[in-house]
Amino acid sequence: MIKKAVFPAAGLGTRFLPLTKSSPKEMLPLVDKPLIHYCVEEAVLSGIENIIIITGMGKTAIEDYFDISLELERNLIKRGKKKLAKEMRKISDLAEIFYVRQKETLGLGHAILCARSFVGQEAFAVILADDIIDAKIPVMRQMIQIYNRMKAPVLAVERVPREKVSSYGIIKGEKVSDGVYLIKDVVEKPPASRAPSNLGIIGRYILTPEIFDILDNTRPGKMGEIQLTDAIRVLLNERSIYAYEITGERYDCGDKAGFIKANLAFSLKRGDISREVKEFIRKLNIQ
């Protein structure tokens, strides 16, 4: 069973500067909760019990958010807002959360390597908090079902427009069942003319502990970063790896347009504000 999840959250969030100069991108608000909250909820609803968040300089707001705030709770109770106080306590009770500091931002692969002692010899999940996926069945739960069937690493993929394949790791795969592909190769950000498919890897992974030795021996790329994709290509020579085409609506909240789309979509699903938001959209008179 997959019981541990790693959340890399030490990145600099440069696409959202200047906002992320002082606020972690994982704490960007999606309606009234930060992005990382939705992803932690997804993990918990998928059966994950232990979460490790890889943090870095300027990321203490994440730790504060998932901590208990006695002063806030007492203040809310004093003002007669007991229900809201309980909701605040639920945040800190979501899961067992641990933190490891990534002292230098040396890439996604290095961030995952920082979790080695925590993970040990278990298969584990990796969740990137800037990919928000709205799904009836949590996407990580969908992936765990595939892992339990295949007993092998699983990468989440979705079909991306041809003009955007150069922004993704793209798989070359052989379909083995509905939505499941045996990966033959992974190409990092290929031009559309050389892409083996339009199945792009997104921010959900189930990995096995062999990945740590490979990451430990992976040479940094051009930007001085250890890339997870490079390690996955090496792992392909050792064992089968599968891709799973997710069921759900993904919002790339690491992108400004994707972040705004997510806020609109989630606002329209909220009974307390959807009416007002719809009225505002109508008044915009968009051509």
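All residue numbers here refer to positions counted from 1 along the written sequence of the relevant chain. pLDDT decides what is reported in this predicted model: residues at 70 or higher carry local features, side-chain atom pairs at 80 or more are listed and counted, and totals for whole chains, interfaces and linings draw on all residues regardless. The basis for every side-chain value is the complete set of non-hydrogen atoms in the structure, without hydrogens or water.

## Comments concerning the pattern of salt bridges
Part 1 of the reasoning: One side-chain nitrogen of Lys or Arg within 4 Å of one carboxyl oxygen of Asp or Glu is enough to make a salt bridge. On inspection of all chains with the given rule, the structure shows 19 salt bridges.
Part 2 of the reasoning: For the salt bridge of R270 with D32, the shortest nitrogen-to-oxygen distance reads 3.1 Å. In this pair, R270 is assigned in the loop between α10 (256-268) and α11 (274-284) and D32 in the loop between β2 (29-30) and β3 (33-34), connecting sequence segments 238 residues apart.
Part 3 of the reasoning: Since its relative accessible area comes to 24%, R270 is described here as partly exposed.
Part 4 of the reasoning: Ionic pairing is found between E158 and R250, a salt bridge with its closest N-O pair at 2.8 Å. You can see E158 sitting in strand β8 (residues 154-159) and its partner R250 sitting in strand β13 (residues 249-252), a full 92 residues away along the chain.
Part 5 of the reasoning: Each of the salt bridges in this network shares a partner with another, and the network as a whole consists of D32, R270 and D272. Secondary structure elements follow DSSP: runs of H or I no shorter than four residues count as helices, runs of E no shorter than two count as strands, and numbering proceeds from the N terminus. Only protein chains enter the accessibility calculation, which uses a 1.4 Å probe; a residue is then buried when its area is under 20% of its type maximum, exposed when over 50%, and partly exposed in between.

## Here we look at the layout of surface pockets
Part 1 of the reasoning: Grid points spaced at 1 Å over the protein atoms alone were grouped into cavities, where a 1.4 Å probe fits but cannot get out, and pockets, open sets with protein on both sides within 12 Å along at least five of seven lines, with lining residues defined by an atom within 4 Å of a point. Grid points are joined across faces, edges and corners, and a volume is the space filled by probe spheres set on the points. Counted as a void, the largest pocket has a volume near 1800 Å³.
Part 2 of the reasoning: Lining the largest pocket are 50 residues, and of these R15, L128, D130, S167 and K189 lie nearest its centre.
Part 3 of the reasoning: Going through the elements one at a time, α5 (108-113), β8, β11 (199-207), α9 (228-236), β13 and α10 are the ones with two or more residues in the lining of the largest pocket.
Part 4 of the reasoning: Residue classes follow a fixed rule: Ala, Val, Leu, Ile, Met, Phe, Trp, Tyr, Cys and Pro count as nonpolar, while Asp, Glu, Lys and Arg count as charged, and any other residue, Gly among them, counts as polar. For the lining of the largest pocket, the residue count by class is 20 nonpolar, 13 polar and 17 charged.
Part 5 of the reasoning: Taken as a whole, the second largest pocket spans an internal volume of roughly 390 Å³.
Part 6 of the reasoning: Every residue lining the second largest pocket is counted, 17 residues in all, and those nearest its centre are Y38, E41, I133, D134 and F266.

## Regarding a nonpolar patch on the surface
Part 1 of the reasoning: Like charges are joined within 9 Å and nonpolar side chains (Val, Leu, Ile, Met, Phe, Trp, Tyr) within 5 Å, but only among residues with over 30% relative accessible area and no salt bridge; these make up the patches. Methods summary: accessible areas were calculated by the Shrake-Rupley approach with a probe of 1.4 Å, and residue burial reflects only the protein chains presented. A cluster of nonpolar side chains, namely F280, L284 and I286, defines an oily patch on the protein surface of about 340 Å² accessible area.
Part 2 of the reasoning: Mapped onto the fold, L284 is located in helix α11.

## A look at helix α4 (residues 82-92)
Part 1 of the reasoning: Turning to α4, its buried residues are A85, I91 and S92. For α4, the buried positions fall inside an angular range of 110° around the axis, keeping them on one side. Facing away from the buried surface of α4 by more than 90 degrees, the exposed residues are K83, K86 and K90.
Part 2 of the reasoning: Residues count as neighbours in contact if any of their non-hydrogen atoms are within 4.5 Å of one another. Looking at the buried positions of α4, the neighbouring elements they touch are α1 (35-45), α2 (60-66) and α3 (70-78). By arc we mean the arc of the directions from the helix axis to the C-beta atoms, nothing more.

## Examining the side chain of T55
Part 1 of the reasoning: Within the secondary structure layout, T55 lies in strand β4 (residues 50-55).
Part 2 of the reasoning: The class of T55 is buried, set by a relative accessible area of 2%.
Part 3 of the reasoning: If sequence neighbours within four positions are ignored, T55 has contacts with A9, A10, E63, Y99, V100, R101 and Q102.

## A closer look at the packing of α3 against α4
Part 1 of the reasoning: At a minimum axis distance of 7 Å, the contact between α3 and α4 shows a crossing angle of 160°. Here α3 is positioned roughly antiparallel relative to α4, judged by the angle of their axes. Helix-helix and strand crossings are classified by hand; for α3 and α4 the assignment is left-handed. Residues L70, L72, E73, L76 and I77 of α3 form the contact with α4, whose own contacting residues are K82, L84, A85, M88 and R89. Here an axis means a line fitted to C-alpha atoms, over the contact stretch when the element is a helix, while the angle between two N-to-C directions is reported on a 0 to 180 degree scale. Under this scheme an angle from 65 to 115 degrees is roughly perpendicular, one under 35 degrees roughly parallel, and one over 145 degrees roughly antiparallel; angles in between are oblique. With the far helix as reference, a near helix turned anticlockwise by less than a right angle produces a left-handed crossing, and one turned clockwise produces a right-handed crossing.

## A few points about the nonpolar core
Most often, soluble globular proteins have nonpolar side chains that are buried together.
Part 1 of the reasoning: Side-chain atoms within 4.5 Å are what join buried Ala, Val, Leu, Ile, Met, Phe, Trp, Tyr and Cys residues into a set we call a nonpolar core. Counting 55 residues, the largest nonpolar core has F7, I36, I51 and I53 as the members making the most contacts within it.
Part 2 of the reasoning: When near neighbours in sequence (up to four residues on either side) are disregarded, F7 contacts I36, C39, V40, A43, I51, I52, I53, I54 and I127.
Part 3 of the reasoning: By size, the runner-up hydrophobic cluster in this structure holds 34 residues, among which are I171, L228, I232 and I241.

## Some remarks on the side chain of T208
Part 1 of the reasoning: Here T208 is to be found in the loop between β11 and α8 (210-216).
Part 2 of the reasoning: A distance of 2.6 Å separates the side chain of T208 from the side chain of E210, its partner in a polar contact.
Part 3 of the reasoning: Not counting chain neighbours up to four residues away, the residues in contact with T208 comprise A123, F124, Y147, P153, L235 and R239. Counting of polar contacts relies on pairs of N or O atoms within 3.5 Å, with two restrictions inside protein: one atom must be capable of donating a hydrogen and the other of accepting it, and residues adjacent in sequence are counted only when both atoms are side-chain atoms.

## Some thoughts on unusual backbone geometry
Part 1 of the reasoning: A cis geometry characterises the amide bond from L17 onward to P18, with omega recorded as 10°.
Part 2 of the reasoning: On the secondary structure map, P18 appears in the loop between β1 (4-8) and β2.
Part 3 of the reasoning: Not every positive phi belongs to a glycine, and K151 is a case in point at roughly 55°.
Part 4 of the reasoning: For K151, a relative accessible area of 53% corresponds to the exposed category.
Part 5 of the reasoning: If you check the backbone angles, K189 has positive phi at about 50° while not being a glycine.

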